[in-house]
Each structure stands twice: as C-alpha cells, then as structure tokens.
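The primary structure of each chain is shown beneath.
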Amino acid sequence: MTDRIVSWTSNPSKPTFTPPEGAIDAHCHVFGPMAEFPFSPKAKYIPDDAGPEQLFALRDHLGFSRNIVVQASCHGTDNSSTLNAIAKSDGKARGVAVVDPAISDSELEALHEGGIRGVRFNFLKRLVDDAPKDKFLEIAKRIEPLGWHVIVYFEADILEELTPFLEALPTTVVVDHLGRPDLTEGFEGKEVQTFRKFLQDHDNFWTKVSGAERLSNQGPPFDDFVAAIAPFVEEFPDRVLWGTDWPHPNMQHDIPDDGKLVNILPRLAPTPELQRKLLIDNPMRLYWPEEV
C-alpha cells in the first residue's frame with residue numbers, strides 16, 4: 001500500500017527533563033507490523049508499521065522504564081499486536097484491550113495471562129462505527145473479578161449524555177485525555193470545569209492528563225495546556241496518569257515531538273512527590289498491583 005499513514009517522528013528530541021527511575025509511559029500504542037498483524041477491515045486509518053522495537057527504543061530514549069500499550073482502534077478487537085508487544089517487553093509492558101462483547105471467559109483469562117489489565121471503550125464516532133453501552137456494561141461486569149479497570153475515550157460534548165452509563169460501571173474508570181475539553185478559556189473554561197466537577201463527584205474515576213499535542217491551541221511548549229491541566233494533578237494526585245500517546249494516531253498533519261511532550265511533565269507535576277504519583281505510583285497500582 002502507498003497510502004499508509006506516518007504520524008510520528010523518527011528522530012524525537014532528547015527531553016531536558018529526566019523522568020524518575022521507574023517512570024511509566026501509561027498511554028501508547030503499536031501498529032502491526034501489518035504483515036504479521038493485519039489491520040481491521042473496519043479501520044478508519046491504515047498506519048505504517050510502528051512495532052514494539054520502535055516503542056521500546058523510544059521508551060529508553062525518553063528515559064522511561066515501562067509502557068502501557070493500549071489497543072489501537074485500527075486493530076479492532078484482535079489484540080494480537082498488543083499482546084505481541086507485551087510479550088517482547090521483558091516484563092516491562094502491560095496492556096489495555098478492546099474486546100468483542102461475545103468474548104468468552106477463557107479468552108478473557110488468556111488476555112490476563114498475556115498482560116492485559118483493562119478494556120477500552122471508544123466513543124469517538126470518527127474512529128468506531130458502534131459503541132453499544134449495554135454490551136460495554138456487560139463486559140465491565142465480567143472483567144471486574146479479574147481486577148481490571150475500564151478506559152473510556154470520548155469528547156467533552158457527550159459527557160452529560162454518557163454520565164448514566166459511566167456511573168453504572170462497577171470498576172475503576174480512567175478517562176483518556178481528560179475527555180478532550182476545549183482549552184480556549186483555560187482552567188476556568190466550561191468544559192474543563194465540567195470535567196473537574198465530574199471527577200470531584202466520582203471517586204472511582206481517574207484521568208490521563210495527556211494529549212497536550214491534541215488539546216493545545218498554541219502548540220509547543222503547550223503553555224495553555226499546562227495552565228488548564230496542571231491543577232488537576234494537584235487536586236487529584238492519586239487519580240492521574242500520563243502517556244506519550246505514541247505513535248500519535250491521526251496526527252500525520254502535525255506530528256508531535258515526543259521529547260517536547262515529556263518536557264511538560266515538571267510543569268504539570270512540579271514536585272518530586274507529584275511526579276512520583278503521576279509517573280510511578282498510580283500506574284503501578286493499576287497495572288502491576290502485585291508489586292505495590
């Protein structure tokens with residue numbers, strides 16, 4: 001194919017910030033390799049290969065110790081590529097799956113053995129054709145005994161509509177990229193404050209304070225993102241995660257520099273204690289609880 005998408009830089013800068021020893025990139029993906037792990041027939045984009053070797057080289061370059069590999073929508077519900085990356089990580093990666101509602105208990109157990117510790121429900125209409133809330137709720141109930149959590153990906157304009165479904169989820173729930181609020185009005189903006197209030201009212205909800213490259217209206221060094229989002233790290237220090245989102249799906253027209261993304265971390269979490277919670281303690285609780 002000649003139209004496969006490249007959405008990442010092959011030469012990211014070296015960050016000036018050094019993550020603390022044991023830091024975890026808690027949101028990244030792998031694509032293929034397609035010859036071994038074909039993309040879903042329903043995929044909305046067909047990326048170039050971005051396999052585990054590239055991911056782990058980036059991990060080391062940026063100064064992280066572990067990865068959380070989140071199943072990318074282009075692979076649908078076939079988690080083979082994600083499982084392959086975990087298997088090749090030498091114990092330094094775990095993952096989040098996307099599953100068919102008809103998945104069997106034995107298949108869930110196999111995913112657990114393969115290092116999966118959560119499932120992702122995607123509500124972005126440009127990426128998925130169907131998001132059946134009733135089926136998602138059934139899955140959430142079935143994974144609860146495994147100790148897994150749920151990740152939800154949505155945009156701010158549907159938070160109110162989604163709330164009854166979200167409140168019915170029985171597990172810890174992690175919201176990707178803060179539910180993608182509009183940052184035009186900063187921390188006091190309506191969508192930012194609506195999501196803040198949601199977290200205040202729901203103790204079992206966490207969020208990833210990632211996505212500066214998607215949410216910022218200014219671009220690097222992402223001053224508007226930091227100003228609007230850093231208060232979340234201070235207010236909810238035990239319920240925040242961060243990740244690069246490499247290889248940055250659908251960002252081929254404005255490819256981020258991962259080193260510059262890492263450099264916002266000491267501004268989001270300005271103290272060593274907050275950095276440790278954000279980058280080590282919180283992801284360890286979700287993905288390596290046996291080591292905590």
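Note that the structure is a prediction, hence the values are computed from the model and not measured.

Undergrad: Tell me what's going on with the environment of Ile143, and back it up with residues and numbers.
TA: Along the chain, Ile143 turns up in helix H4 (residues 133-143). The exposure class assigned to Ile143 is buried, which follows from its relative accessible area of 0%. The sequence separation of Ile143 and Leu108 amounts to 35 residues, and the corresponding C-alpha distance is 7.8 Å. Leaving out residues up to four positions away in the same chain, Ile143 has contacts with Leu108, Val119, Trp148, His149 and Val150.

Undergrad: Break down the state of the cysteines for me, citing the residues and quoting the values.
TA: What the rule picks out here adds up to zero disulfides. Cys28 takes part in no disulfide bond, and the closest cysteine sulfur, belonging to Cys74, lies 14 Å away. Its relative accessible area of 0% is what places Cys74 among the buried residues.

Undergrad: So what about the pattern of salt bridges? Which residues, and what values?
TA: A pair can form between side chains of opposite charge whenever their charged atoms are brought close. Across all of its chains, the model carries 17 salt bridges by this definition. We note a salt bridge from Asp176 to Lys208, for which the minimum N-O separation is 2.9 Å. One end of the pair, Asp176, is in the loop between strand E6 (173-175) and helix H6 (190-201); the other, Lys208, is in strand E7 (residues 205-208), with 32 residues separating them in the sequence. When sorted by exposure, Asp176 lands in the same class as Lys208, which is buried. Residues Lys197 and Asp201 are paired through a salt bridge, measuring 2.6 Å at the closest nitrogen-oxygen approach. Residue Lys197 and its partner Asp201 are both found in helix H6; the two are separated by four residues, about one turn of the helix. A residue is classified by how much of its surface remains accessible, and Asp201, at 47% relative accessible area, is partly exposed. Among the charged side chains, a salt-bridge network with shared partners connects Arg4, Asp48 and Asp49.

Undergrad: Account for the packing of aromatic side chains, with residues named and values stated.
TA: Across all of its chains, the model carries 13 aromatic pairs by this definition. Between the aromatic rings of Phe121 and Phe136, the centroid separation amounts to 4.2 Å while the plane-to-plane angle is 5°, which identifies the pairing as stacked. Here Phe121, found in strand E4 (residues 116-122), pairs with Phe136, found in helix H4; they are 15 residues apart in sequence, far enough to count as distant. Pair check on accessibility: Phe121 and Phe136 agree, each one buried. Among the aromatic residues, those joined into a cluster by ring pairs are Phe187, Phe195, Phe198, Phe205, Phe232 and Phe236. Stacked on the ring of Trp288, the Lys or Arg Arg66 has its end atom at 4.5 Å from the ring centre.

Undergrad: Give a detailed account of the sheet that holds strand E1 (residues 24-28), specifying residues and quantitative values.
TA: Pairing is parallel across the open sheet formed by eight strands, whose spatial order is E1-E2-E3-E4-E5-E6-E7-E8. Only two strands of the sheet have a single partner each, and these edge strands are E1 and strand E8 (240-241). One ladder, built from two bridges, connects E7 with E8; its direction is parallel. Its bridge partner lying in E8, Thr207 is registered against Val240.

Undergrad: Residues and numbers for the packing of helix H5 (residues 159-168) against H6, please.
TA: Running from N to C, H5 and H6 point in directions that differ by 15°, and their axes come no closer than 12 Å. Considered as vectors, H5 and H6 are oriented roughly parallel to each other. The element H5 and its partner H6 pack so that their crossing is right-handed. Residue-level inspection shows Leu159, Thr163 and Leu166 of H5 in contact with H6, the latter providing Thr194, Phe195 and Phe198. Grouping the constituent residues of the contact of H5 with H6 by class yields four nonpolar, two polar and no charged.

Undergrad: Residues and numbers for the packing of H4 against H5, please.
TA: Between two packed helices, the angle of one axis relative to the other and the distance separating the axes together describe the packing. Contact pair H4 / H5: the axes reach a minimum separation of 10 Å and the direction vectors enclose 20°. With respect to H5, the axis of H4 lies roughly parallel. Crossing handedness for the pair H4 and H5: right-handed. Only Glu161, Leu162, Phe165 and Ala168 of H5 make contact with H4, whose side of the interface consists of Lys133, Phe136 and Leu137. Grouping the constituent residues of the contact of H4 with H5 by class yields five nonpolar, no polar and two charged.

Undergrad: Describe helix H11 (residues 272-287), listing the residues and the values that go with them.
TA: Its 16 residues give H11 an end-to-end C-alpha distance of 21 Å, which sits within 8% of 22 Å, the value for a rise of 1.5 Å per residue. At Leu278, H11 shows its largest bend, some 40°. Inspection of H11 places Leu274, Gln275, Lys277, Leu278, Leu279, Ile280, Asn282, Pro283, Met284, Leu286 and Tyr287 among the buried residues, and these make up the whole buried set.

Definitions and cut-offs
Residues numbered from 1 in each chain as written. Predicted model: local features only at pLDDT ≥ 70, side-chain atom pairs only at ≥ 80, totals over all residues. Heavy atoms only, no water. Helix = DSSP H or I, 4+ residues; strand = E, 2+ residues; numbered from the N terminus. Buried < 20%, exposed > 50% of the residue type's maximum accessible area, 1.4 Å probe, protein only. Contact = heavy atoms within 4.5 Å. Disulfide = S-S within 2.5 Å. Salt bridge = Lys/Arg side-chain N within 4 Å of Asp/Glu carboxyl O. Phe/Tyr/Trp six-rings, centres within 6.5 Å; stacked < 30°, edge-to-face > 60°. Lys NZ or Arg CZ within 6 Å of the ring centre and 35° of its normal. Pairing = 2+ DSSP bridges. Axes fitted to C-alpha atoms, helices over the stretch in contact; angles between N-to-C directions. Parallel < 35°, antiparallel > 145°, perpendicular 65-115°, else oblique. Left-handed = near helix turned anticlockwise from the far one by under 90°. Nonpolar A, V, L, I, M, F, W, Y, C, P; charged D, E, K, R; others polar. Expected span 1.5 Å × (residues − 1). Bend = angle between axes of the 7 residues up to and from the residue.

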